[in-house]
2 protein chains.
Amino acid sequence: MTGPGMRTVNLVLAGFGNVGRAFFRLVQEKASACRDQYGLDLRFRAILKSGGGFHTGRLLKTGDLFRDGAPWLDGNPAWRPGFGAVEALASSEPGCFIEGTPSDIRTGEPGLGHITRALHAGWNVVAASKGALVVAFKKLRRLAAERRAALRFSGAAAAALPALDVGVYSLAGSEITGIQGILNGTSNDILTRMGNGSTYEEALGEARARGIAEADPSLDVGGWDTACKLLLIANSVLGLELELADVAVDGITRTTPDDIAAVRARGAALKLLGTCERPEPAKPWRLSVGPRPLPASHPLHGVSGTEKGIMFRTDTLGTVTVTGGGSDPRATGAALLKDIIGIYRVAA
Amino acid sequence: MTGPGMRTVNLVLAGFGNVGRAFFRLVQEKASACRDQYGLDLRFRAILKSGGGFHTGRLLKTGDLFRDGAPWLDGNPAWRPGFGAVEALASSEPGCFIEGTPSDIRTGEPGLGHITRALHAGWNVVAASKGALVVAFKKLRRLAAERRAALRFSGAAAAALPALDVGVYSLAGSEITGIQGILNGTSNDILTRMGNGSTYEEALGEARARGIAEADPSLDVGGWDTACKLLLIANSVLGLELELADVAVDGITRTTPDDIAAVRARGAALKLLGTCERPEPAKPWRLSVGPRPLPASHPLHGVSGTEKGIMFRTDTLGTVTVTGGGSDPRATGAALLKDIIGIYRVAA
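Every value quoted in this text rests on a predicted model; they were computed, and no experiment measured them.

S.K.: Can you explain the relation of the copies chain B and chain A? Please cite residues and give values.
M.R.: The two copies are related by a screw motion: chain B maps onto chain A through a turn of 180° and a shift of 0.0 Å along the axis, at an RMSD of 0.0 Å. Read as a symmetry element, the transformation amounts to a two-fold axis. Every residue of chain B has its C-alpha some distance from the rotation axis, and the shortest such distance is that of B:V322, at 2.1 Å. Both copies contact each other with a shared surface, as 100% of the interface residues of chain B are interface residues in chain A too.

Right under this line is the structure:
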């Protein structure tokens, strides 16, 4: 596709860690596919990291950011100390702001400031950071609606697993009556390894060695990462405005190989499950996270290793389950790209 | 939502069998949810069946179509013999034409005529009938693009299982490198029952008794229903323009309980699988349907009974699998409603 059918989308990316870099590289790799298949010309105008930003006034290219394959800061003429979201948002016509900083789930910053500014400035927003959305879901959704801006966050919810797409679009018009999800790959990998004979400490060590677990894995194994994702999914899909304090959270830190063996002896599998349910149709939703046995017939029973999965029960479309999705930075970057295409593609 | 934010969508429905009637009832049931959640006011302007149509000049309501819970034809003032697609499409401002007749997969009629006329008249189209799309996919897609009309057909592809949504939207920007699907609930139910000790004839009889299999189940057990769905999914998701003759089709009519037992003894499950693959990245795609053993680790291994499932392999988002979805007429009706909402909702 060329000419008048082509749509230019200015991009500002905040966060240039593993996910941000993978996303930047992916957009370069997929540039011609985006033009040919979706009529979209994606152009990086600025990339922000702590302390400043990359900005040249031209389209940012790989050579502006990397030297010898590594991020290039010292002596890089594209690097501008102190260049931040305000400057970036003013540097081009509004397009799509991609929030990918390591946001704090207590304060939501720095993502909260970024997203708020971007929406006020008329930019659409695609987020990989959970913090801002966990802290200020209601406020950000309302601000986006007021500004008629898109606010998408697959990358913050379950990334390559299309939990939000299925819940929001594929189940539109049905009433969702319950949600269950295995949403944290690290915890699921640890439970899978414990089921294969490792102790918790061994399984955690193996996950760290493979780069799956962080140095501080407490958000993962404590259930908080699952709780954040569940909260974002439930608020989006069920039209709620709950907060993290509304989720009853338990993790797998006290789970033993004996617990797993006992569950398995009954033909089930122990999973760190996020659950949205309500005791009766008109009652408030209850969100919880904790280790739960899933019988062999459960659609999420076979979700193992770093895989994720989510199951929606509905009143008209039956039960719909989606599983899989890559869990590396490139897959998260691909989830960001998917959201951008979803905003700008000409629907058919 | 009320007032200026509300969007009226005129509907013409062709086909008033099980699916058409379930769809009509569902739209009545979900009318207020469609207004409140999506700002859509869905209005039936005409409903066509063989020999004529229901049309009053006003919005069609339940009382215009049913009496004592049964479809009402004799003495119904809303019934107009000879009233067809031409008259229906001229009877209101263009909206969404829902094609749900029992179309023939050789000629595509009567759906092909309906859809062609509707697109020419500036209507969007949502189809539950496979025939027209199987026969004339390329022509209809191009016509829709020329007319800038939407042409959606979840109901013809895998209905409540969101195969097209996931393939087209959730995997946008990634390259799909392979597709495998269990797409026919009747065949899967028969294979499941044969795995539990029934002969093919017994399993088919049970499926008929439960209303799952048609009197003539040859499209299902012969693999043709799977082939049609696979063709529509592959053409949509991979951007192909293949025809039914391009699909190598085998069914389960010669499958024996011994075949199933032999596969199970190896820890696998025998499934009627639709497959899109290519031997090398640049080579043409190969579409085939036939009974295939799936190992226990395969994401579709556990799809049993009347359930369906589809797995997409991608270059960037990993492997994404979606399973489940109701298979009754109400679920198919809900898939039509989902497509309508997808066309008209204000994206966010």
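S.K.: How would you explain the interface of chain B and chain A if you had to name every residue and give the values?
M.R.: Counting residues at the interface gives 41 residues for chain B, matched by 41 residues for chain A. The contact between chain B and chain A buries some 3,000 Å² in all, and 51% of this surface belongs to carbon and sulfur atoms. One can count two salt bridges joining chain B with chain A. Salt-bridge contacts for B:K30 lead to A:D315; the nearest nitrogen and oxygen are separated by 2.5 Å. Put simply, the parts of the chain that give the side of chain B that touches chain A at least two residues each are helix 1 (18–29), strand 9 (151–152), helix 8 (163–170), strand 15 (319–324) and helix 14 (329–344) of chain B.

S.K.: If you had to explain the pairing of strand 10 (residues 176–182) of chain A to someone new, which residues and values would you point to?
M.R.: All names here are of chain A. The buried count for strand 10 comes to six of seven residues, which makes it a mostly enclosed element. Taken together, the six bridges between strand 10 and strand 14 (residues 309–314) define a ladder with antiparallel strand orientation. Opposite Q180, over in strand 14, you have M311 as the bridge partner. Sheet analysis places strand 10 next to strand 12 (residues 269–277), joined by three bridges and oriented antiparallel. By the bridge assignment, Q180 is partnered in strand 12 with T275.

S.K.: Let's hear about the sheet that holds strand 15 (residues 319–324) of chain A: which residues, and what values?
M.R.: Spatial strand order, 11(A)-13(A)-12(A)-10(A)-14(A)-15(A)-15(B)-14(B)-10(B)-12(B)-13(B)-11(B): 12 strands in an open sheet with mixed pairing. Each of the sheet's edge strands pairs with one partner strand only, and the pair in question is strand 11 (247–249) of chain A together with strand 11 (247–249) of chain B. Averaged over all pairs of adjacent strands, the angle between strand axes in this sheet comes to 25°, irrespective of strand direction. Direction of pairing for strand 15 of chain A relative to strand 15 of chain B: antiparallel, over a ladder of five bridges. In the strand pairing of strand 15 of chain B, A:T321 is matched with B:T323.

S.K.: Describe the packing of helix 6 (residues 131–146) of chain A against helix 12 (residues 224–238) of chain A, naming the residues involved and giving the relevant values.
M.R.: Helix-helix packing is described using two parameters, namely the angle between the two axes and the distance between the axes. Residue and element names in this part refer to chain A. Across the interface, helix 6 lies against helix 12 with an axial gap of 10 Å and an inter-helix angle of 15°. Judged by the angle between their axes, helix 6 and helix 12 are roughly parallel. Viewed along their axes, helix 6 and helix 12 form a crossing whose handedness is right-handed. Listed contacts from helix 12 to L133, V134, F137 and R141 of helix 6 are C228, L231, L232, N235 and S236. Residue classes in the contact of helix 6 with helix 12 are distributed as six nonpolar, two polar and one charged.

S.K.: Report on the side chain of A:T275, specifying residues and quantitative values.
M.R.: Residues and elements named next belong to chain A. In this structure, T275 sits in strand 12. Judged by its relative accessible area of 5%, T275 falls in the buried class. Sequence-distant contacts of T275, that is, excluding residues within four places in its chain, are made with I179, Q180, L230, R286, L287 and S288.

S.K.: An account of the sheet that holds strand 9 of chain B is requested, with residue identities and associated values reported.
M.R.: All names here are of chain B. Taking strand neighbours across the sheet as the criterion, the seven strands line up as 6-3-2-1-7-8-9 in an open arrangement whose pairing is mixed. Only two strands of the sheet have a single partner each, and these edge strands are strand 6 (79–81) and strand 9. Pairing between strand 1 (residues 7–14) and strand 7 (residues 96–99): four bridges, direction parallel. Within strand 7, the residue paired with V12 across the bridge is F97.

The rules behind each value
- Residues numbered from 1 in each chain as written.
- Chains lettered and ligands numbered in written order.
- Predicted model: local features only at pLDDT ≥ 70, side-chain atom pairs only at ≥ 80, totals over all residues.
- Heavy atoms only, no water.
- Least-squares fit on C-alpha atoms with pLDDT ≥ 70 in both.
- Contact = heavy atoms within 4.5 Å.
- Buried area = accessible area lost by both parts, 1.4 Å probe.
- Salt bridge = Lys/Arg side-chain N within 4 Å of Asp/Glu carboxyl O.
- Helix = DSSP H or I, 4+ residues; strand = E, 2+ residues; numbered from the N terminus.
- Buried < 20%, exposed > 50% of the residue type's maximum accessible area, 1.4 Å probe, protein only.
- Pairing = 2+ DSSP bridges.
- Axes fitted to C-alpha atoms, helices over the stretch in contact; angles between N-to-C directions.
- Parallel < 35°, antiparallel > 145°, perpendicular 65-115°, else oblique.
- Left-handed = near helix turned anticlockwise from the far one by under 90°.
- Nonpolar A, V, L, I, M, F, W, Y, C, P; charged D, E, K, R; others polar.

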